[in-house]
Amino acid sequence: MSAPVAADLLALDRAAQDLLFRAARTANTFTDEPVTDAQVAAIHDLIRYGPTAYNGQPLRVLLLRSPQARARLLPYVSSSNRAKTAGAPLAVVLAADLDFHERLPELYPHRPQAREWLGDRVARAEQARFSAALQIGYLLVGVRAAGLAAGPMAGFDAAGVTREFFPDGRHEALLLLNVGHPGPDAWGDRLPRLATGEVVRTL
């Protein structure tokens with residue numbers, strides 16, 4: 001009897017595995033089909049259950065739908081990312097709420113002292129970035145689960161975007177994300193992935 005292949009050892013069926021990972025790609029072009037608020041809400045309703053430290057959920061998502069909002073973003077985007085950001089159905093700024101601890105009495109009620117644990121802003125900001133980065137990973141998979149393509153981009157002036165869209169100093173921009181249905185020639189060839197033996201060790 002032959003050993004089961006890796007895909008057969010997972011709870012998700014093969015179609016779901018392919019949708020979320022094997023066949024999913026980072027898109028560089030998109031069709032004109034819009035991404036609706038209902039789709040965004042459905043994605044968030046799925047991914048909000050992913051774990052974060054202290055259940056703090058510091059990710060904040062800013063949807064740039066209007067031409068005016070998109071025009072404010074583009075000067076901060078690298079030249080290689082500007083055209084696809086201008087043409088994507090939805091451009092998103094993903095940010096960390098550096099004062100996420102204010103919601104901990106509600107979100108982490110069994111530890112009432114948790115808000116005081118995070119009184120130091122420098123340490124709190126590090127925690128906010130870490131958990132928001134986890135949530136960004138969940139969000140990318142959620143976009144794929146909705147049958148959409150995601151184009152995450154780190155090629156932008158994060159400090160400039162933070163000043164432009166979050167002047168209160170409470171939020172910090174971490175990543176830009178284009179979302180939509182993939183257009184013509186949306187991606188190149190699949191790049192190599194490391195094998196399990198190169199990543200996983202046992203002690």
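Worth saying up front: this structure is predicted, and the values here are computed from it rather than measured.

K.L.:
It is not clear to me how the packing of aromatic side chains should be interpreted in this structure. Could you clarify?
P.N.:
Working definition: an aromatic ring pair is given by the centre-to-centre distance plus the angle between the planes. All told, the structure shown has two aromatic pairs when counted by the stated rule. With a centroid separation of 6.1 Å and an interplanar angle of 55°, the aromatic rings of tyrosine 54 and tryptophan 117 are classed as tilted. One end of the pair, tyrosine 54, is in the loop between α2 (37-47) and β1 (59-64); the other, tryptophan 117, is in helix α6 (residues 114-117), with 63 residues separating them in the sequence. Judged by relative accessible area, tyrosine 54 falls into the partly exposed class, the value being 25%. Among the aromatic residues, those joined into a ring-pair cluster are Tyr54, Tyr108 and Trp117.

K.L.:
Looking at this model, I keep getting lost on the sheet that holds strand β3 (residues 149-153). Mind explaining?
P.N.:
Two modes of strand pairing occur in sheets, parallel and antiparallel, and in both the strands are linked by backbone hydrogen bonds. Strand order in this open sheet of four strands is β1-β2-β4-β3, and the pairing throughout is antiparallel. Looking at the sheet topology across the chains shown, the edges are occupied by β1 and β3. When strand polarity is set aside, the average angle formed by the axes of neighbouring strands in this sheet is 30°. Summarising the sheet, β3 and strand β4 (residues 171-180) pair through five bridges and their orientation is antiparallel. Each bridged residue has a counterpart across the sheet, and for glycine 151 the counterpart in β4 is asparagine 178.

K.L.:
Whenever I open this one, unusual backbone geometry confuses me. Can you help?
P.N.:
A negative phi angle characterises most non-glycine residues, just as the trans form characterises most peptide bonds. The phi dihedral of tyrosine 54 falls on the positive side, at around 60°, and the residue is not glycine. The residue glutamine 57 is not glycine, and still its phi comes out positive at about 50°. Along the polypeptide, glutamine 57 turns up in the loop between α2 and β1. According to the relative accessible area criterion, glutamine 57 is partly exposed, its value standing at 23%.

K.L.:
Is there a simple way to think about the side chain of serine 131 in this case?
P.N.:
Assignment of secondary structure puts serine 131 in helix α7 (residues 121-145). The residues touching serine 131, leaving out its near neighbours within four places in the chain, are Thr52, Ala53 and Pro58.

K.L.:
Explanation requested: the packing of α2 against α7 in the structure shown.
P.N.:
The relative placement of two packed helices comes down to the angle between their axes together with the axis-to-axis distance. Between α2 and α7, the least distance of the axes is 9 Å, while the angle of their chain directions is 130°. When the axes of α2 and α7 are compared, the pair comes out oblique. Note on packing geometry: the crossing formed by α2 with α7 is right-handed. Mapping the contact onto sequence places Ile43, Leu46 and Ile47 in α2 and Gln135, Tyr138, Leu139, Gly142, Val143 and Ala145 in α7.

K.L.:
Explanation requested: a nonpolar patch on the surface in the structure shown.
P.N.:
A cluster of nonpolar side chains, Leu194, Val199 and Val200, forms an exposed patch at the surface whose accessible area comes to about 300 Å². Tracing the sequence through the fold places valine 199 in helix α9 (residues 196-199). In this structure valine 199 comes out as exposed when scored by relative accessible area, which is 55%.

K.L.:
Which parts of the structure should I look at to understand the packing of helix α1 (residues 14-22) against α7?
P.N.:
Contact pair α1 / α7: the axes reach a minimum separation of 9 Å and the direction vectors enclose 130°. When the axis of α1 is compared with that of α7, the two are oblique. By crossing handedness, the relation of α1 to α7 is classed as right-handed. Listed contacts from α7 to Leu19, Leu20 and Phe21 of α1 are Val141, Arg144 and Ala145.

K.L.:
What is the right way to read the pattern of salt bridges from this model?
P.N.:
A side chain of one charge can pair with a side chain of the opposite charge when the charged atoms of the two come close. Counted under the stated rule, the structure contains 13 salt bridges. Across the pair arginine 115 and glutamate 116 runs a salt bridge whose closest N-O atoms are separated by 3.8 Å. Classification of glutamate 116 as exposed rests on a relative accessible area of 53%. Members of the salt-bridge network, linked through shared partners, are Arg60, Asp97, Glu102 and Arg170.

Criteria and thresholds
- Each chain has its residues counted from 1, running along the sequence as written.
- Two thresholds apply to this predicted model, a pLDDT of at least 70 for residue-level local features and 80 or more for giving and counting side-chain atom pairs, whereas whole-chain, interface and lining totals are computed over all residues.
- Values shown for side chains rest on all heavy atoms present in the structure; no hydrogens or waters enter the calculation.
- Ring geometry is summarised as follows: Phe, Tyr and Trp rings, the Trp one being its six-membered ring, pair when their centres sit within 6.5 Å, and such pairs are stacked at plane angles under 30 degrees, edge-to-face over 60 and tilted between the two.
- Where helices and strands are cited, they refer to DSSP runs of H or I of at least four residues and of E of at least two residues respectively, numbered from the N terminus.
- Buried, partly exposed and exposed residues are distinguished by accessible area as a fraction of the type maximum, computed with a 1.4 Å probe on protein chains only: under 20%, between the cut-offs, and over 50%, respectively.
- Pairing between strands is defined by DSSP: at least two bridges between the two strands are required.
- The angle between two axes is taken between their N-to-C directions and runs from 0 to 180 degrees, where each axis is a line fitted to C-alpha atoms and a helix contributes only its stretch in contact.
- Contacts are assigned to residue pairs that have any heavy atoms within 4.5 Å of one another.
- Should an angle fall under 35 degrees it is called roughly parallel, over 145 degrees roughly antiparallel, and 65 to 115 degrees roughly perpendicular, with every other angle called oblique.
- Note on convention: near helix rotated counterclockwise from far helix by under a right angle means a left-handed crossing. Clockwise means right-handed.
- The patches reported here contain residues having more than 30% relative accessible area and no salt bridge. Joining distances are 9 Å for like charges and 5 Å for nonpolar side chains (Val, Leu, Ile, Met, Phe, Trp, Tyr).
- Here, Shrake-Rupley sampling with a 1.4 Å probe gives the accessible areas, and only protein chains in the shown set may cover a residue.
- Take a side-chain nitrogen of Lys or Arg and a carboxyl oxygen of Asp or Glu: if they are within 4 Å of each other, that pair is a salt bridge.

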